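What follows is the residue order along each chain.
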Amino acid sequence: MLTNLEHIGLAVPDLAAATALYTSLLGVGPYKTEHVASEAVDTVFFRVGGSKIELVAATAPDSPIAKFLEKRPAGIHHVAFEVDDIEAEMARLRAEGFVLLSEGPTRGADDKLVCFVHPKSAGGVLVELCQSIAAKQSNCI
Ligand code: CO
């Protein structure tokens, strides 16, 4: 089950400039910055009420964010939904015909297990499913 609009991911070419801009816009600084080696990105997270904004910048030319910014201007890159059981949601979406970008969940930023749904099967929007690793572990107890 999808339980929450967890965050919106914004692709940015200059993380320091975007962090300054969003700090001004939101009136509060980020609560976390994190490098995600598997995606070759640096991320900066802001809390906005019960949701978050994730700024994502490439750290290598072959990063998915670098490729995204070759084709499009900076802006919304993905919409992330929190799920209560990521494997169950992946199976449900596969059965519904959605194309997932990984066989199983992978380790994402912000202590999450994540999976992405291909934009071609989701109305042109890259959709992220995420489940907090702490919640996952407590489910298993
Ligand atoms: Co994200």
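Right above here is the structure, for reference.
Nothing here was measured: the structure is a model prediction, and the numbers come from that model.

## Side note on the side chain of glutamate 6
Moving on, step 1. Within the secondary structure layout, glutamate 6 lies in strand E1 (residues 2-11).
Moving on, step 2. Judged by relative accessible area, which is 4%, glutamate 6 ranks as buried.
Moving on, step 3. A polar contact of 2.7 Å, which involves the side chain of glutamate 6, links it to the side chain of lysine 52.
Moving on, step 4. Beyond its immediate chain neighbours, meaning those up to four positions away, glutamate 6 contacts Ser51, Lys52, Ala80, Phe81, Glu82, Lys112 and Cys130.

## Topic: the coordination of the cobalt ion
Moving on, step 1. Protein-derived coordination of the cobalt ion comes from His7 (NE2), Glu54 (OE), His78 (NE2) and Glu128 (OE), at a distance range of 2.1 Å.
Moving on, step 2. One can describe the donor arrangement at the cobalt ion as irregular, given that its four donor atoms subtend angles of 84 to 172 degrees at the metal.
Moving on, step 3. Donor residues for the cobalt ion sit on one chain with the sequence pattern H-x46-E-x23-H-x49-E. Here the residue histidine 78 occupies a position in strand E5 (residues 75-83), and glutamate 128 occupies one in strand E8 (residues 126-132), the gap between them amounting to 50 residues.
Moving on, step 4. Note on histidine 78: relative accessible area 3%, which makes it buried.

## Topic: the pattern of salt bridges
A side chain of one charge can pair with a side chain of the opposite charge if their charged atoms are brought near each other.
Moving on, step 1. What the rule picks out here adds up to eight salt bridges.
Moving on, step 2. Across the pair aspartate 111 and lysine 32 runs a salt bridge, and its minimum N-O distance is 3.4 Å. Taken as a pair, aspartate 111 in the loop between strand E6 (106-107) and strand E7 (112-117) and lysine 32 in strand E2 (residues 32-36) lie far apart in primary sequence, 79 residues in all.
Moving on, step 3. Residue classification places aspartate 111 among the partly exposed residues on the basis of a relative accessible area of 41%.
Moving on, step 4. Among the ionic pairs, glutamate 89 bridges to arginine 92, the shortest N-O distance being 2.9 Å. In this pair, glutamate 89 and arginine 92 are both assigned in helix H3 (residues 86-95), three residues apart and thus about one turn of the helix distant.
Moving on, step 5. Overall, glutamate 89 belongs to the buried group, its relative accessible area being 4%.
Moving on, step 6. Accessibility expressed as a relative area gives 38% for arginine 92, which makes it partly exposed.
Moving on, step 7. The structure contains a network of salt bridges with shared partners spanning Glu6, Lys32, Glu34, Lys52, Arg107, Asp110, Asp111 and Lys112.

## Digging into the pairing of strand E4 (residues 51-58)
Moving on, step 1. The element E4 is extensively covered by neighbouring structure, given that seven of its eight residues are classed as buried.
Moving on, step 2. Summarising the sheet, E1 and E4 pair through five bridges and their orientation is parallel. Bridge pairing links isoleucine 8 to isoleucine 53 in E4.
Moving on, step 3. Direction of pairing for strand E3 (residues 41-48) relative to E4: antiparallel, over a ladder of eight bridges. Of the residues in E4, the one forming a bridge with arginine 47 is lysine 52.
Moving on, step 4. The hairpin turn running from E3 into E4, its antiparallel successor, is two residues long, and glycine 49 in that turn takes a positive phi close to 60 degrees.

## Structural notes on unusual backbone geometry
Moving on, step 1. A positive phi is found at aspartate 110, a non-glycine position, where the angle reads about 65 degrees.
Moving on, step 2. Structurally, aspartate 110 can be placed in the loop between E6 and E7.
Moving on, step 3. Unusually for a residue other than glycine, aspartate 111 sits at a positive phi of about 60 degrees.

How each quantity is defined
Residues numbered from 1 in each chain as written. Predicted model: local features only at pLDDT ≥ 70, side-chain atom pairs only at ≥ 80, totals over all residues. Heavy atoms only, no water. Helix = DSSP H or I, 4+ residues; strand = E, 2+ residues; numbered from the N terminus. Buried < 20%, exposed > 50% of the residue type's maximum accessible area, 1.4 Å probe, protein only. Polar contact = N/O pair within 3.5 Å; in protein donor to acceptor, adjacent residues only side chain to side chain. Contact = heavy atoms within 4.5 Å. Donors = N, O, S within 2.8 Å, 3.2 Å for Na, K, Ca; no water. Tetrahedral: all angles 85-135°; square planar, octahedral: opposite > 155°, others 65-115°. Salt bridge = Lys/Arg side-chain N within 4 Å of Asp/Glu carboxyl O. Pairing = 2+ DSSP bridges.

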